[in-house]
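# Notes for the structure review
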Amino acid sequence: QSSYLVPCGLADDFFESAEAPVQRKRDVLIVGPRSTGGKRIDDALQAARLLKQRRDDVRVVRVAPEPMSDAERRLGVTDEYH
């Protein structure tokens, strides 16, 4: 059976803005409750803390089935909590 290459019909710069690009944060997603030791959430939070000390474009997003603990709040690493 014959095959055909159909190239993209849009120019390479079609989705680029003429304005300067917006600097976006790099999201680090940490999922799971701190109460489950096997997930090692505390290790992930400490790693995120070190990363945020070295880079100013990092944002930590946490998702867990329980409210944020006081210990995590004191650590001050989490930017958004769900």
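Above this text sits the structure in question.
Okay, so let's go over this structure. (Residues numbered from 1 in each chain as written. Predicted model: local features only at pLDDT ≥ 70, side-chain atom pairs only at ≥ 80, totals over all residues. Heavy atoms only, no water.)

### Some words on the pairing of strand β2 (residues 58-63)
For the record, the criterion: Between any two strands, pairing holds if DSSP finds at least two bridges. Strands here are runs of E lasting at least two residues and helices are runs of H or I lasting at least four, both read from the DSSP assignment and numbered beginning at the N terminus. When the strands point away from the viewer, a crossover counts as right-handed if the route from the first strand across the helix to the second turns clockwise.
Pairing of strand β1 (residues 26-31) with β2, which is carried by six bridges, proceeds in the parallel orientation. Within β2, the position partnered with Val 31 by the bridge is Val 63. The parallel pair β1 and β2 is bridged by helix α1 (residues 41-54), and the resulting crossover is right-handed. Where β2 lies against strand β3 (residues 80-81), two bridges are found, and the strand directions are parallel. If you follow Arg 62 over to β3, its bridge partner there is Tyr 81. In this view, the connection linking β2 to its parallel neighbour β3 by way of helix α2 (residues 70-75) has right-handed handedness.

### Considerations on the environment of Ser 35
The test is simple: Each residue's exposure class comes from its accessible area (1.4 Å probe, protein chains only) as a fraction of the maximum for that residue type: buried when under 20%, exposed when over 50%, partly exposed otherwise. Here a polar contact is taken to be a pair of N or O atoms separated by no more than 3.5 Å, where protein atoms must pair a possible hydrogen donor with a possible acceptor and residues adjacent in sequence count only if both atoms sit in side chains.
In this structure, Ser 35 sits in the loop between β1 and α1. Relative accessible area serves as the criterion here: at 58%, Ser 35 is assigned to the exposed category. Spatially, the C-alpha atoms of Ser 35 and Glu 66 are 9.2 Å apart, while their sequence positions differ by 31 residues. A polar contact is formed between the side chain of Ser 35 and the side chain of Glu 66, at a distance of 3.3 Å.

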